[in-house]
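# Observations on chain architecture
Single-letter residue listing:
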Amino acid sequence: MENLLCTGCRREVDGGLWQARCPECGEPLEVGPPRGGSVLDGAPLLVRFANFLPRRALGLEGPAAPVLSLGEGNTPLLHLETIGERIGLPRLFVKVEGTNPTGSFKDRGSVAGVQRARALGFRAVGTVSTGNMASSMAAYGARAGMRAVVLVSASIPRAKLAPIAAYNPLLIGVEGDYGRLYHLSLELGPKLGIAFVNSDDPYRVEGQKTLALELWQQLRRQLPDAVVVPVSSGGHMAALLKGFKELHALGYTERVPRLIGVQAAGCAPIATAYQQGADTPAAWGEPRTIAKAIANPSPPSGRRLLQAAKNGAPLHFVTVTDEEIMAAYWRLAHEAGVFAQPDAAAPVAAAQKLAASGLLRPDETVVAILTGHGTKDLTPLESNAPVSLRTCTLDELPRVLERAL
Ligand SMILES: Cc1ncc(COP(=O)(O)O)c(C=O)c1O
Ligand SMILES: [Zn+2]
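A brief structural summary.

Counting 66 residues, the largest nonpolar core has Phe-244 and Leu-315 as its most contacted members. Considering every element that reaches this core, the biggest residue donor is helix α9 (residues 235-249), with six residues. Counting residues domain by domain, this core receives three or more from each of domain 1 (4-56 + 105-202) and domain 2 (77-104 + 205-384). Each residue touching Phe-244, except ones within four places of it in the same chain, is listed here: Ala-212, Leu-215, Leu-223, Val-227, Thr-253, Val-256, Pro-257 and Leu-259. Formed by 36 residues, the second largest nonpolar core is a distinct cluster that contains Val-262, Ala-351, Ala-355 and Val-366.

Within the secondary structure, Thr-7 is located in the loop between β1 (4-6) and β2 (12-13). Between the C-alpha atom of Thr-7 and that of Ile-156, which follows or precedes it by 149 residues, the distance is 32 Å. When near neighbours in sequence (up to four residues on either side) are disregarded, Thr-7 contacts Glu-27, Pro-28, Leu-29, Glu-30, Arg-304 and Gln-307. Reaching out from Thr-7, the side chain makes a polar contact with the backbone oxygen of Pro-28 at a distance of 2.7 Å.

Per the stated rule, a full pass over the model turns up 19 salt bridges. Residue Lys-242 is joined to Glu-246 by a salt bridge in which the shortest nitrogen-to-oxygen separation is 2.7 Å. With a gap of four residues between them, Lys-242 and Glu-246 both fall in helix α9, about one helical turn apart. In terms of burial, Lys-242 and Glu-246 fall into one category: buried. Here the salt bridges do not stand alone but share partners, grouping Arg-48, Lys-95, Glu-97, Arg-108 and Glu-214 into one network.

Rules behind the numbers
Residues numbered from 1 in each chain as written. Chains lettered and ligands numbered in written order. Predicted model: local features only at pLDDT ≥ 70, side-chain atom pairs only at ≥ 80, totals over all residues. Heavy atoms only, no water. Core = buried A, V, L, I, M, F, W, Y, C linked by side-chain atoms within 4.5 Å. Buried < 20%, exposed > 50% of the residue type's maximum accessible area, 1.4 Å probe, protein only. Helix = DSSP H or I, 4+ residues; strand = E, 2+ residues; numbered from the N terminus. Domains from an automatic or database assignment. Contact = heavy atoms within 4.5 Å. Polar contact = N/O pair within 3.5 Å; in protein donor to acceptor, adjacent residues only side chain to side chain. Salt bridge = Lys/Arg side-chain N within 4 Å of Asp/Glu carboxyl O.

Now the structure itself:
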């Protein structure tokens, strides 16, 4: 079995075991470089990009290999001409990850993580999450015929649990420090036969990196100048960097695009450490933002991203306020018909800010990753949605319409 590499100390670790972090330095492990080859059209995500994935570890060798899929990937890449013109980025695109089977980008990682767990003979998969990753893992566990275990914070509101509970996972609310729960799950998983596929698990990262490959494919083997992405644990941004770096190392592209990580001003441990030139994000304390899905106060892949930036990877980090996020959220829905959850609108808010400050230029091709669908978090609609409803009789209707148009 191919070994895993430590992203911190570069030590090799036995890839035949289920482990996500280096036993020596504690940093996340990663899968080694792929062989490369052609991209297949139309097949399930894992088959389409099999030449860029650890085929053997995922159990993808051989024509009869079972391939897990709920139809993930192949998400739209839309050119937002009107919004782009208005904010000074005529070549602004959005990658609409909300059209994935459970409504978020997490499905790309879940399909790879669960496929790997199944190939290793696990009967149960798990995750520590309160939102998108939880429903995604519960769905892919069900699809694979495996038990799914979802650990959430005991204080989570019941309404948030319903879309996870729909897939019938073993759902456990745990009291205590949520950041510790991530590490405890990784300790307990191998002992109890549960493959925990948390935000920066090495095989989840393999699945998430298909977004970089798919973008390159959709842009006809060209790269954008910049990709703007919301950041919480840091697993997703690390995956995009890995995907773009591998394309470059294999000789398919001449460069790696700039990756801009966006955090909410009310929970910005990585962006703050980046601005201060620190190696490790300091724990943030109580998050205060409407963008709850990107509010991890102790991001487990924060150090990895900061180190990559120090070592010359083209990574940048910015923050946006809740007001900026909500302005982008409504603008996307009203002016482009694209409904993204607040966290996913954050990169559009950041793109606007960076265009205004000149860090993104009008001639650049910029892709904002809209990580989750608007229906995944209805908080803004419940609290202050601008609903304008007129009422009239049947007789009045023609006149009301005439006047309103
Ligand atoms: C909608 C959305 N966007 C972005 C992220 C951030 O991803 P990561 O935790 O890998 O940084 C999350 C994480 O859950 C999310 O739910
Ligand atoms: Zn290490």
